[in-house]
Each structure stands twice: as structure tokens, then as C-alpha cells.
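# Working through the structure, step by step
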Amino acid sequence: MSRALIIVDVQNDFCEGGSLAVDGGSQVAADIGEHLGRHGQDYSVVVATADWHVDPGDHWSSDPDYRTSWPVHCRAGSEGAQFHPSLAPALQHVQAVFRKGEHEAAYSGFEGTTEAHGRTTGLTEWLTEREVRGVDVVGLATDHCVRATALDAAGAGFRTRVLTGLCAGVSPETTEQALAELREAGVEVVEGAPA
Ligand SMILES: [Zn+2]
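Reading the values: rules and limits
- Residues numbered from 1 in each chain as written.
- Predicted model: local features only at pLDDT ≥ 70, side-chain atom pairs only at ≥ 80, totals over all residues.
- Heavy atoms only, no water.
- UniProt positions renumbered as here; feature names shortened; annotations may be inferred.
- Donors = N, O, S within 2.8 Å, 3.2 Å for Na, K, Ca; no water.
- Helix = DSSP H or I, 4+ residues; strand = E, 2+ residues; numbered from the N terminus.
- Expected span 1.5 Å × (residues − 1).
- Buried < 20%, exposed > 50% of the residue type's maximum accessible area, 1.4 Å probe, protein only.
- Arc of directions from axis to C-beta.
- Contact = heavy atoms within 4.5 Å.

Named according to an unreviewed UniProt entry, the protein is nicotinamidase originating from Ornithinimicrobium kibberense. Heading Pathway (unreviewed entry) of the UniProt record for the protein holds this comment: "Cofactor biosynthesis; nicotinate biosynthesis; nicotinate from nicotinamide: step 1/1." Listed in UniProt under the heading Sequence similarities (unreviewed entry), the comment for the protein reads: "Belongs to the isochorismatase family."

Shown next as C-alpha cells:
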């Protein structure tokens, strides 16, 4: 079966030192590169998503509730929106980057688009054109954008796995809730990462 790796939002602002840092984010960045070093041949394609905000309305707040509003993060073109430096080895495998959230909140990578040859393509269409049937979802954060991306993947009919060893969450409680919800939706939650 043709399988894709989807690397979700491994950007500076979501890693240690960023404006909306997730503990373990930079380690996840490095570990995804190692995973691709060992298992790159398991994937027919590798893509990355990026939170990419121009003016996302009340997704940004000076008084965030950390549920639906957040500190300013991933401003389009800023340092914080760049992929974490430790993701560099993994980026060599990435064939397309799907940016999302320019003018509103967008948690799922399936809301993102990529531009190539003057054409704008969404993630479902891009994967379908390449006859992808299954996806592995990794990245940041387990309880937000990984969750939303994996739910959409399963909803679109892809056989979906989340590799928890290559993800990090904002809080243990919401991460556990998210993993339970994913299992309920038919996503295979793989504890740890393939050896
Ligand atoms: Zn955002």
C-alpha cells in the first residue's frame, strides 16, 4: 500500500524558545529526521504542513485561553514560522509544503494548500493524485494540529496512523483525550515510533 508521511507544523514557534512552545518539540524535529533515515523507503511521498498566519482574526489574542485563542505565532514569513533547524534532514525528503491559516484558524493540514506550476492544490487532492492510500501523521502538537490532521485523514478515507513517539502535545490531559478520540475515529495510534 502506498503510504505518505505527513509532518505537521514542526516550526520554531512550536518548539522550545518559540512563542507557543511545546515541550519536546525540538526533539521531535530531530527524531523525525532519524525516522526517515531508517524508514524513508516505507513512504511513497513525504509532505510537511505549516501554520502560516497573515491575519488569523481571533485565533491570535493578547489574552489567549489556549483552547481557541493563542499568543501571536507563525506570522507568515517570520523566523517563528520557519521549520525548526533540527528538521533539516527530514526536509530533504519533503516533496511539498502545505500552508494553512492565512486568514483564519486552521488546525488541520488538510485545510492547507501548496503551489506548484501556477496551480494551488489541497492535501487530499495532492495525495489522491499520487495514489496514496495510507498516511502516518507526526509532529506538533498531538492535541491540536496532529489531532485535526489525523481526523481529517481518516475522514477522507486514508488508512491513518499517528506515531506518538514522533509527536509532542501541549498538555498530558488533552493529549490523552485526543488519542482516545483518534482511536474512536478509526485511527491507529502507534505508541512510540517504529524501531
Ligand atoms: Zn495557528
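Structure's up, so let's keep going.
In this section: the coordination of the zinc ion. Surrounding the zinc ion are the protein donor atoms Asp 51 (OD), His 53 (NE2), His 59 (NE2) and His 73 (NE2), which sit 2.1 Å from the metal. Read in sequence order, the donor residues coordinating the zinc ion give the pattern D-x1-H-x5-H-x13-H. Here the residue His 59 occupies a position in the loop between strand 2 (45–51) and helix 2 (88–91), and His 73 occupies one in the loop between strand 2 and helix 2, the gap between them amounting to 14 residues.

Okay, helix 5 (residues 172–184) next. Relative to the 18 Å expected for 13 residues at 1.5 Å per residue, helix 5 spans 18 Å between its end C-alpha atoms, a close match to the ideal helical length. Taken as a whole, helix 5 has its buried residues at Thr 175, Ala 178, Leu 179 and Leu 182. The buried residues of helix 5 occupy an angular sector of 100° when the element is viewed end-on, so they sit on one face. Set apart from the buried face of helix 5 by more than 90 degrees, the exposed residues are Glu 173, Glu 176, Gln 177 and Glu 184. Buried-residue contacts for helix 5 involve helix 4 (142–155), strand 7 (159–168) and strand 8 (188–190). Of the residues trailing helix 5, Gly 186 is marked for its positive phi of about 90°.

Quick look at the UniProt feature "domain: Isochorismatase-like" (unreviewed entry) in the protein now. Residues annotated by UniProt as "domain: Isochorismatase-like" (unreviewed entry) correspond here to residues 4–191. Helix and strand shares over residues 4–191 are 28% and 24% respectively, and the end C-alpha atoms of the span are 19 Å apart.

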